[in-house]
Amino acid sequence: MKKKILSSALAGVLACSLSGSALAAGFTDTKVHWAASQISRWNGLGIISGYGEMFHPNAAITRGDMAVVLDRIMGYQAKAVNPFSDLPENAYYTSAVLGANAAGVLAGDGVTVRPNAPVTRQEACVLLGRALDVPTANDVSGFRDAAEIAAWARPYVAGLASRGIVGGSDGKFNPGAPISRAEAVTILNNGIAALIQKEGEYDHVDTMETVVIRAADVQLKRSTVYRDVIISEGAGSGEVTLHNVTIVGNLIVRGGSKITLNNVELYGKRRLKTEPWWKRPASRTTMTAPSLCP
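Residues numbered from 1 in each chain as written. Predicted model: local features only at pLDDT ≥ 70, side-chain atom pairs only at ≥ 80, totals over all residues. Heavy atoms only, no water.

Draft legend 1. Broad picture of the sheet that holds strand E4 (residues 210-213). Here 5 strands make up an open sheet; going across it, the order is E2-E4-E6-E8-E10 and the pairing parallel. Both edges of this open sheet fall to strand E2 (192-196) and strand E10 (270-272), since each of them pairs with a single strand only. Strand-to-strand twist across the sheet, computed as the mean angle between neighbouring axes with direction ignored, equals 15°. Two elements, strand E8 (residues 251-253) and E10, share 3 bridges in a ladder whose sense is parallel. In the strand pairing of E10, Leu 251 is matched with Arg 270. (Pairing = 2+ DSSP bridges. Helix = DSSP H or I, 4+ residues; strand = E, 2+ residues; numbered from the N terminus. Axes fitted to C-alpha atoms, helices over the stretch in contact; angles between N-to-C directions.)

Draft legend 2. Highlighting the nonpolar core. Of all hydrophobic cores here, the largest spans 50 residues; its most connected members are Leu 70, Ile 73, Met 74, Tyr 76, Val 105, Leu 128 and Val 157. Secondary structure elements with two or more residues in this core: helix H3 (63-74), helix H4 (94-102), helix H5 (121-132), helix H6 (154-162), helix H7 (181-191) and E2. (Core = buried A, V, L, I, M, F, W, Y, C linked by side-chain atoms within 4.5 Å. Buried < 20%, exposed > 50% of the residue type's maximum accessible area, 1.4 Å probe, protein only.)

Draft legend 3. Highlighting the pattern of salt bridges. Per the counting criterion, the structure on display carries 7 salt bridges. Between Asp 203 and Arg 222 there is a salt bridge; the shortest N-O distance is 2.9 Å. One end of the pair, Asp 203, is in strand E3 (residues 200-206); the other, Arg 222, is in strand E5 (residues 218-225), with 19 residues separating them in the sequence. The exposure class of Asp 203 is buried, given its relative accessible area of 5%. A salt bridge links Arg 227 to Glu 209; the nearest nitrogen and oxygen atoms lie 3.5 Å apart. Of the two residues, Arg 227 sits in the loop between E5 and strand E6 (229-231) while Glu 209 sits in the loop between E3 and E4, which places them 18 residues apart along the sequence. (Salt bridge = Lys/Arg side-chain N within 4 Å of Asp/Glu carboxyl O.)

Have a look at this one:
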C-alpha cells in the first residue's frame, strides 16, 4: 500500500480522543468557535469525539484525559505498576496514565496523580514537551507573567514557545490557568504535523513540524521533515524504514525492532529514549526528581 501525503493534508491528523460518547457528524457548540475548523476536520476523520452533539471546547481537559490523548498518539506499550492512591484500577484513563507514567511523561508526586484534576497551561507544556522530546530552553522573558511560571515548567514552556507550539494572550502566558479541550487539541496540532498510524508506504511527507510514526511495518520515503521524526512506542516490534529522507531535527527512536535508514540525511541527533526523564543527562532537563513534576 503506497500513500502520498502532504503536510497540509495531515495538519490535523492526531490520534487524540478527548473522552466522550460516539462520533458525531458535527457539534452544535463549535460552529462559531475559533477552533471550529480543526475540531471539524479531526471529528470527520474519526479521531476526536464529543458528548453526542456537543464537544464542550471550552471545558478544561483533565489529567486523565490528557494521558489518553498522549497514549493515543504514542501508543505506549509498557505500563507501570499502579503506585498512585487516587488512580482507580479500571477507569477509562487508567491504562493510559500508567503508560504515560512508564514512559516518564506523567509522573505525579509519587503518591497521587490527580487524574480528574484540570491540566494547567504549564502542565500541558511539560507533558507535551516530554512526550515529543522537545528541546528545553530557558528564555520566557517574552511573557509579562514569566515570574509566575514554575521552575519545573519553565524549560518546557520556553522550549515549546521557541517552536511556536504555545503562545500567550495579551503578553501573558497564564501558567496556572486550566487548558481547555480546544486549546489542548490546538497545541498538539502545532507540535505534530503528521501521525502515521497504519502500516504501509508513505511518500512526500514534507512538513515543517514533527512527524510521529506509531505503527509497525512503515516505509517513509522521499520526505523532508524540518523538525523531528519520532518512531514511537506504537511501532512495537515491527520494522520501520526511512528511504531518501531528510530530517533537519532529530530522529527519536522509541519503538520498532528493526530501524532501517537508507540515504537518510540527519542534521540533528539520533536518540534512543530508554530511560525516564529524571535519569537522562542533566543537559536534557533542569529537573532533578520526579516529585517536582506534574
